[in-house]
Amino acid sequence: MFGLLLAASPGAAQDAEIRSTINRQLEAFQRDDWSEAFTYASPVLRKLFGTPERFRDMVLGGYRAVHRPQQVSFRELDLSGPRPVQIVFFIGPDGLAYLAAYEMEQQKDGSWRIAGVQMIRAAAKAV
């Protein structure tokens, strides 16, 4: 039994680190700390947007549910593809439900960064 717990630990640690990265970015959004929020984006995304201000414009233009959510609930972590994808359920400031798929990228130092987010409207408002 102890061996099974040890075998599960790396996955649980990875899950916790990925959730922590997403949570820290969401907390930065709550404070409108765009410079900090930008640090949780992958190097490719940081290069693509160039500045925290351009990143802010993208978030406010198409991802309002993550900027000021009424509710956030982590769902499954999908490990079936080349990169982990963390599914997160949101109730946006508009009261509508959304599912977000956060594609995560592990850095050389072991930290996790957000490599992309795809959002879709969810049919139900239940967690």
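Refer to the structure above for everything that follows.
These notes cover the structure that comes with them. (Residues numbered from 1 in each chain as written. Predicted model: local features only at pLDDT ≥ 70, side-chain atom pairs only at ≥ 80, totals over all residues. Heavy atoms only, no water.)

### With respect to the environment of glutamate 53
Definition in use: A helix here means a DSSP run of H or I that spans at least four residues, while a strand means a run of E at least two residues long, and both kinds are numbered starting from the N terminus.
Mapped onto the elements of the fold, glutamate 53 is located in helix H4 (residues 52-62). Residues glutamate 53 and phenylalanine 38, spaced 15 residues apart in sequence, show a C-alpha to C-alpha distance of 9.1 Å.

### Focus: the pairing of strand E3 (residues 97-106)
Our working rule: Two strands qualify as a pair provided DSSP detects at least 2 bridges between them.
One ladder, built from 7 bridges, connects strand E2 (residues 85-91) with E3; its direction is antiparallel. Residue pairing across strands places valine 85 opposite glutamate 103, the latter belonging to E3. Inspection of the sheet shows E3 paired to strand E4 (residues 112-121) by 9 bridges, in the antiparallel sense. Across the sheet, the residue bridging to leucine 99 is isoleucine 120, located in E4. Connecting the antiparallel pair E3 and E4 is a turn made up of 5 residues, with glycine 110 showing a positive phi of about 95°.

### Re the pattern of salt bridges
Note the cut-off: In the sections that follow, a salt bridge refers to a side-chain nitrogen of Lys or Arg positioned within 4 Å of a carboxyl oxygen of Asp or Glu.
This model, assessed by the stated rule, comprises 7 salt bridges. The partner of aspartate 15 in a salt bridge is arginine 19, with the nearest N and O atoms 3.4 Å apart. Taken together, the residues span about one helical turn, with aspartate 15 and arginine 19 both in helix H1 (residues 2-30) at a distance of 4 residues. Overlapping salt bridges, with partners in common, bring together Arg31, Asp33 and Glu36 in one network.

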